Amino acid sequence: QIQFKILRGHSDTVSSCHFCFEDTKILSCSYDRTVKLWDVEKGFPIQVFEEHSAPVSECSLTPDDRRVVTSSYDNTVKAWDMETGKILWTVEHESIVTSCNISCDGRYVVSGSEKENTIYVFDAVSATVVAHIQGHHKSTITRCCFDPDNRRVASVSYDKTIKLWDMITRSTSISINEGHSNAISDCCFTSDGHYLCTASWDKSLKIWDIKTEEFQCHEPVSLNEGHEGSVSSCFFSQDASLVVSGGYDKTIAIWDTDAGYKKLSLKGHWDWVTDVAISKNKKWVLSASKDSTLRLWNIEKMDHIPSVTETGKARGSKIAQCEECEKPFLCLQRSDSETISKCVFCRLSS
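Every value quoted in this text rests on a predicted model; they were computed, and no experiment measured them.

> Help me understand the pairing of strand 28 (residues 293-298) in this model?
A regular strand places its side chains so that they alternate between the two faces of the sheet. Among the six residues that make up strand 28, six are buried, leaving the element largely enclosed by the rest of the structure. Both faces of strand 28 are covered, namely the face carrying Thr293, Arg295 and Trp297 and the face carrying Leu294, Leu296 and Asn298. The pairing of strand 1 (residues 4-8) with strand 28 spans five bridges and is antiparallel. Within strand 28, the residue paired with Arg8 across the bridge is Thr293. As paired elements, strand 27 (residues 284-289) and strand 28 share five bridges and run antiparallel to each other. Opposite Ser287, over in strand 28, you have Arg295 as the bridge partner. What sits between the antiparallel neighbours strand 27 and strand 28 is a turn of three residues, in which Ser292 has the positive phi angle 75 degrees.

> Explanation requested: the pairing of strand 12 (residues 118-123) in the structure shown.
Most of strand 12 sits out of view: five of its six residues are buried. Note that strand 11 (residues 108-113) and strand 12 share six bridges and pair antiparallel. Within the sheet, the bridge partner assigned to Val110 lies in strand 12 and is Val121. Linking strand 11 to strand 12, which pair antiparallel, is a turn of four residues; within it Glu116 sits at a positive phi near 55 degrees. Remark: five residues form the turn of the hairpin made by strand 12 and strand 13 (residues 129-133), two consecutive strands paired antiparallel; Ala127 in that turn has positive phi of roughly 65 degrees.

> What should I look at first to understand the environment of Lys163 in this one?
When you line up the elements, Lys163 lands in strand 16 (residues 162-166). Among the residues examined, Lys163 registers a relative accessible area of 15% and is labelled buried. Once residues lying within four places of it in the same chain are set aside, the contact partners of Lys163 are His136, His137, Val153, Ala154, Ser155, Thr172, Ile174 and Ser175. At a separation of 3.0 Å, a polar atom in the side chain of Lys163 contacts the side chain of Ser175.

About the cut-offs
- Residues numbered from 1 in each chain as written.
- Predicted model: local features only at pLDDT ≥ 70, side-chain atom pairs only at ≥ 80, totals over all residues.
- Heavy atoms only, no water.
- Buried < 20%, exposed > 50% of the residue type's maximum accessible area, 1.4 Å probe, protein only.
- Helix = DSSP H or I, 4+ residues; strand = E, 2+ residues; numbered from the N terminus.
- Pairing = 2+ DSSP bridges.
- Contact = heavy atoms within 4.5 Å.
- Polar contact = N/O pair within 3.5 Å; in protein donor to acceptor, adjacent residues only side chain to side chain.

As structure tokens, then:
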């Protein structure tokens with residue numbers, strides 16, 4: 001009932017994927033040491049970047065889609081000109097680079113290095129190191145990214161901790177120890193930077209209020225029972241109404257964030273799902289996999305699928321208006337007959 005398209009072109013694990021150029025193109029990178037730009041309509045690569053000598057762990061784009069930053073197990077981070085495909089600069093690290101991200105204003109790049117679990121921040125144009133944070137985590141950094149305000153860098157690790165490092169104070173502003181009961185594999189911000197979602201090998205995702213730091217006195221919202229194994233990746237929709245996650249069970253889960261439950265599970269990959277993304281218009285979900293493919297899933301009519309409709313009815317849900325922010329959300333009736341009157345984000349903040 002969900003139409004999908006398989007994108008074949010990589011010869012090894014696809015490690016990272018993104019929509020770009022107003023959802024008309026896809027950027028992906030792979031353990032086959034290449035980075036590819038795909039045409040969504042045609043379904044095949046239109047540009048290939050080939051300069052890394054080892055698996056590419058992650059790729060990131062500037063907001064104007066003019067430059068690409070990549071990290072690799074060859075101990076480097078590279079910046080590329082999207083139009084010409086030429087390398088603008090290369091930054092050498094002392095060990096493999098597990099993650100990279102470019103700030104939303106395009107000014108800075110952050111990377112996570114395995115040696116001493118270090119975070120590097122450097123100028124996106126000159127490649128000059130701005131910050132070098134050694135021992136930021138106690139184990140391998142799995143993901144690092146800027147918040148939408150370009151002020152904080154979030155990072156997660158095998159050590160089960162979540163850290164936010166402040167670009168202005170040059171210090172760790174938030175440290176959540178034992179954020180999960182197992183390694184944390186990924187993290188992503190809502191577009192307003194108010195909330196952070198984390199994905200873990202403990203089979204769950206958690207949504208944290210990191211703007212007002214309500215997590216210190218209130219538990220985060222937990223998204224459970226979506227995957228049979230470790231969760232590898234997570235991604236918020238532009239309006240934060242959905243979270244998409246990928247897992248080692250070869251599936252993609254689509255979550256309703258307001259109601260906090262799984263709406264739909266997408267199955268088809270033959271191996272681990274390594275990364276996920278969702279288009280700005282929420283029409284397409286993109287997934288990358290260890291099976292060397294990407295898949296494009298059309299979820300435009302997802303809410304008309306009987307199983308999705310029945311799940312909503314079974315949970316006693318209805319569309320209601322949040323009494324605090326006044327936005328519509330999917331309201332669930334509790335077993336004790338108490339109706340939830342606030343959306344998940346307002347509940348997190350109260």
